[in-house]
Amino acid sequence: MTQWNDNPVLTVEHLTMRFGGLTAIDDLSFNVGRGDITALIGPNGAGKTTVFNCATGFYKPTEGRLVMRRSNGEKFLLERLPDFKISAHAKVARTFQNIRLFGGMTILENLMVAQHNPLMVASNWTLGGLLGLTGYRHANRDAIDHAKYWLEKTNLLDRADLPAAELPYGDQRRLEIARAMCTGPEILCLDEPAAGLNPKESLELNELLMYIRKEHDTSVLLIEHDMSVVMEISDHVVVLDYGVKISDGTPDEVKNDPHVIAAYLGVDDDEVDEIEEEVGL
Amino acid sequence: METVKKPSLLESSVKDAGMGAFVTFALALVMVGMKVDVASGLGAELFIEYRWTAVAIAVVTVFVGRLLLNLFFWKPDNPLAVNLSGLMPSGDSATQIGKALKPVLLIIAIALPFALMFWLGARGSRQYIDLAILVTTYIMLGWGLNIVVGLAGLLDLGYVAFYAVGAYSYALLAEYFGFSFWICLPLAGILAAFWGIILGFPVLRLRGDYLAIVTLAFGEIIRIVLLNWYQFTGGPDGISGIPRPSFFGLEFKRGDGGFADFFGLDYSSIHRIIFLYYLILIMALVTNIVTMRLRRMPIGRAWEALREDEIACRSLGINTTNTKLTAFALGAMFGGFAGSFFATRQGFISPESFTFIESAVILAIVVLGGLGSQIGVVIASVVMIGGFEFFREFEEYRMLVFGMLMVFIMVWKPRGLVSTRAPSVTLSKDAKGISADLVQEGHG
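Residues numbered from 1 in each chain as written. Chains lettered and ligands numbered in written order. Predicted model: local features only at pLDDT ≥ 70, side-chain atom pairs only at ≥ 80, totals over all residues. Heavy atoms only, no water.

### Considering the overall build of chain B
Within chain B one finds 16 helices and four strands. In terms of principal-axis extent, the alpha carbons of chain B reach across some 95 × 80 × 50 Å. For chain B, the residues scored as buried account for 46% of the 444 residues in total. For chain B, the proportion of contacts with a sequence separation of at least 24, taken over those separated by at least 6, is 70%. Split by element, the accessible area of chain B, about 23,000 Å² in all, is 68% carbon and sulfur. (Helix = DSSP H or I, 4+ residues; strand = E, 2+ residues; numbered from the N terminus. Buried < 20%, exposed > 50% of the residue type's maximum accessible area, 1.4 Å probe, protein only. Contact = heavy atoms within 4.5 Å. Areas by Shrake-Rupley, 256 points an atom, 1.4 Å probe, with all protein chains shown as cover.)

As structure tokens, this is what we get:
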């Protein structure tokens, strides 16, 4: 079998999500390999963001389970954890399709908020910090350095003291990734990171993601419509259509899969019977 | 073809003002025009007094007011409000003025009683020091509420409940167990924080308007319990004879062993007033220092992040329930401290002191001062509470002036007097404040 089944960081098993009568995801299973960049693609309304929301605790799945295996051997059943614990303990970080930054706070503050949990411990749950103990002051300085590191990687360092809402769109996208990385995740879920970016920015994004994967031992799961990003950087592609997985494999395999072509482009009239037979209708 | 003619500014303004005047007429006809009164004399009959002039005045005021607002603020292409805010110092210079203003205000606050004593003498300055105590109490309450509303963005309309819990904690502990003020002060704060958490648990799943309504109800519940639990709280009779605070064990009394005797001064009742003033000043400053420090700590940043975007907070691993609860509890604690000070200053408390209007005044101070701004709260309390008391002679009109002031602020500075937000952490030294239109108000 392929590498992502040998050592998966996240395993999605028989995931089903129903909203009333609507089945958004139907019995979906796939693996996210450790250290891989995995792309989740599919036409609009295929249920990609719903998978993300299940994995990050914003929805509770109707059926199925999501197993997160951290590199230290700990195992988490994500469907049972409240959303904030998924980020804090299971180390799953995410970004949002419609960017959610703390607009009235500076860029640096955004990254400091992301380091809330370690800083809370360092400040003895605020008490030590309030009394001005040195432990917290060191931790605070380290947190600023950590934030600076990510600002440098995302080319935002010179604008660190500007409010996040003043940044242009592409920079906001990068800041959101930097903020997610500041939580020290083992898997980074990106919801359409290249949406609205120009080709140059897309290219920079590719480099950033490759860098994150290489230097930080972080697996990446991304939803993306921009095929130049998907085919360029991903190791593994999962294709959804109407909540059902229709293809799963390397970018090349997926590109030539007739199901995928049918889902994206439709088929010629004379091929309908043939395809239907193949799909099993 | 005939193009649709855009109505001229004057025409549309007059039309709009006319509509406003008509609505006023319809409302005022019954509510202002007819007043039920009791006839003096033996019969004590009810009769209706007609006041058509008052109706006319109301209608004319609304017509003229709306016309002017339409002409100069709402309708024109370059409203006067923009020109007006141009007169205000811009964000940068405002923060600089703010920086210079803080030590000046502090020095004034510290020197105030002595300056007053110097100019007016013990007798003449008493009422002004009393007023300063009142203003400082509201500053402290405003700072306490600022944590909840300004930083965490949770709209709390029942803040006075914690003020009441603090006041009654001290009064009851003193009455039943004979505890002194200095023991009760921390206890009152802890009890108020405890009630803050008890209220917070069920309430903080609500957002926005719902949260506001439930906190409002909680404020009323506390007051009504205090009013009706006659055996325990004395109900409407209140609690009197609440002990006064001592100065490190020295009581403010005439004769041996008193404060004046110990320091070799002539006894004067002003000593106690001045002591109370410094007490509340220190309590308020502690509130301020704690809040300013908390803003720079992870918990404070989490509050502000919560106000900006709760979902993003959760995606970053912040326990939003606990974060909201700490904001609620801390705000409540400072309310409790202020409450126990209120009890010891007055020597008498009754549920009447803790009505909804108090919550509304404190909230108004925070909102008019500028959400999240500490210096704004000071200015707003001085203007609102101080102004309110200063113009006591014009009793009839001060509500009117109060209302007009509010409308003026709403038109001129809708985000409060001091609306720029200072970043809690910066890389460069000359970082600028964040303009108010970028900062969220919170959704509850």
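### As for the pairing of strand β10 (residues 244-249) of chain A
Bridge count between strand β9 (residues 236-241) of chain A and β10 of chain A: five bridges; the pairing is antiparallel. Bridged to Val239 of chain A within β10 of chain A is Ser247 of chain A. (Pairing = 2+ DSSP bridges.)

### Re the packing of aromatic side chains
Counted under the stated rule, the structure contains 29 aromatic pairs over all chains. Centroid distance Tyr159 of chain B to Phe162 of chain B: 6.2 Å. Interplanar angle 75 degrees. Geometry classified as edge-to-face. Residue classification places Phe162 of chain B among the buried positions, given a relative accessible area of 1%. Three or more aromatic residues joined by ring pairs form one cluster here, namely Phe247, Phe248, Phe252, Phe259, Phe262, Phe263 and Phe275 of chain B. If you follow Arg179 of chain A out to its NZ or CZ, it ends over the ring of Phe102 of chain A, 4.8 Å from the centre. (Phe/Tyr/Trp six-rings, centres within 6.5 Å; stacked < 30°, edge-to-face > 60°. Lys NZ or Arg CZ within 6 Å of the ring centre and 35° of its normal.)

### Concerning the domain arrangement of chain B
Looking at chain B, the domain boundaries give domain 1 (9-68) and domain 2 (91-438). Here the C-alpha centre of domain 2 of chain B lies 38 Å away from the C-alpha centre of domain 1 of chain B. (Domains from an automatic or database assignment.)

### Re the sheet that holds strand β5 (residues 75-77) of chain A
Residues and elements named next belong to chain A. Taking strand neighbours across the sheet as the criterion, the four strands line up as β2-β1-β4-β5 in an open arrangement whose pairing is antiparallel. Here the strands that pair on one side only, and so sit at the sheet edges, are β2 (22-33) and β5. Recorded for the sheet is a direction-independent mean angle of 15 degrees between the axes of neighbouring strands. Alignment of strand β4 (residues 63-69) against β5, held across three bridges, turns out to be antiparallel. (Axes fitted to C-alpha atoms, helices over the stretch in contact; angles between N-to-C directions.)

### Overview of the layout of surface pockets
All names here are of chain B. In this model, the second largest pocket occupies a volume close to 830 Å³. Lining the second largest pocket we find 29 residues, and of these Leu105, Ala109, Ile139, Val378 and Val382 sit closest to its centre. Elements represented by at least two residues in the lining of the second largest pocket include exactly α4 (91-151), α10 (270-295) and α15 (374-390). Its residues assigned to classes, the lining of the second largest pocket comprises 22 nonpolar, five polar and two charged. (1 Å grid on protein atoms, 1.4 Å probe; cavity = no way out; pocket = protein on both sides within 12 Å on 5 of 7 lines; lining within 4 Å. Points joined across faces, edges and corners; volume = space filled by probe spheres on them. Nonpolar A, V, L, I, M, F, W, Y, C, P; charged D, E, K, R; others polar.)

### Describing the interface of chain B and chain A
Contact with chain B, which involves 33 residues of that partner, is made by 40 residues of chain A. Here chain B and chain A share an interface that buries about 3,200 Å² over both sides, 68% of which is from carbon and sulfur atoms. Contact with chain A buries area across many residues of chain B, yet Pro298, Leu316 and Leu427 of chain B alone supply 21% of it, more than any other trio. Residue Arg100 of chain A pairs with Asp309 of chain B through a salt bridge whose shortest N-O separation is 3.0 Å. Remark: the boundary between chain B and chain A carries 15 residue pairs in polar contact (both at pLDDT 80 or more). Listed by contribution, the elements that provide at least two residues to the side of chain B that touches chain A are α10, α11 (298-308) and α12 (310-315) of chain B. When residues of the side of chain B that touches chain A are assigned to their parent elements, the largest contribution, seven residues, is made by α11 of chain B. For the side of chain B that touches chain A, a count of residues per class yields 19 nonpolar, six polar and eight charged. (Buried area = accessible area lost by both parts, 1.4 Å probe. Salt bridge = Lys/Arg side-chain N within 4 Å of Asp/Glu carboxyl O. Polar contact = N/O pair within 3.5 Å; in protein donor to acceptor, adjacent residues only side chain to side chain.)

### Notes on helix α8 (residues 169-181) of chain A
For α8 of chain A, with 13 residues, the first-to-last C-alpha span of 19 Å sits near the 18 Å given by 1.5 Å per residue. With twelve of 13 residues buried, α8 of chain A is to be regarded as a mostly interior element. Those residues of α8 of chain A lying buried are Gly170, Asp171, Gln172, Arg173, Arg174, Leu175, Glu176, Ile177, Ala178, Arg179, Ala180 and Met181 of chain A. Where α8 of chain A is buried, its residues contact β6 (92-94), α4 (107-114), α7 (134-153), β7 (187-191) and α9 (199-216) of chain A together with α12 of chain B. (Expected span 1.5 Å × (residues − 1).)

### Details of the packing of α4 of chain A against α7 of chain A
All names here are of chain A. The interhelical angle for the contact between α4 and α7, taken along N-to-C directions, is 120 degrees, at an axis separation of 9 Å. Handedness of the α4/α7 crossing: right-handed. Judged by residue contacts, Ile107, Leu108, Leu111 and Met112 of α4 engage Asn140, Ala143, Ile144, Ala147, Trp150 and Leu151 from α7. Residues that form the contact of α4 with α7 fall into these classes: nine nonpolar, one polar and no charged. (Left-handed = near helix turned anticlockwise from the far one by under 90°.)

### A word on the domain arrangement of chain A
Residue and element names in this part refer to chain A. Domain parsing of chain A yields domain 1 (1-91 + 184-281) and domain 2 (102-183). A straight line from the C-alpha centre of domain 1 to that of domain 2 covers 29 Å. A buried area of about 1,400 Å², summed over both sides, lies between domain 1 and domain 2, and 65% of it is on carbon and sulfur atoms. Among the residues domain 1 hides against domain 2, the three largest losses belong to Gly184, Leu208 and Tyr211. Together they make up 28% of the total. Between Glu204 and Arg174 there is a salt bridge, and its shortest N-O distance comes to 3.6 Å. Taken together, domain 1 and domain 2 are joined by six residue pairs in polar contact (both at pLDDT 80 or more).

### Comments concerning the environment of Glu201 of chain A
With respect to the secondary-structure elements, Glu201 of chain A resides in helix α9. For Glu201 of chain A and Arg174 of chain A, which are 27 residues apart along the polypeptide, the C-alpha to C-alpha distance reads 9.5 Å.

### Points about the packing of α8 of chain A against α9 of chain A
All names here are of chain A. Two elements in contact, α8 and α9, have axes whose closest approach is 11 Å; the angle formed by their N-to-C orientations is 10 degrees. Between α8 and α9, the crossing angle belongs to the class labelled roughly parallel. Contacts between α8 and α9 involve Gly170, Arg174, Ile177 and Met181 from the first element and Glu201, Glu204, Leu205, Leu208, Ile212 and His216 from the second. The residue inventory of the contact of α8 with α9, partitioned by class, reads five nonpolar, two polar and three charged. (Parallel < 35°, antiparallel > 145°, perpendicular 65-115°, else oblique.)

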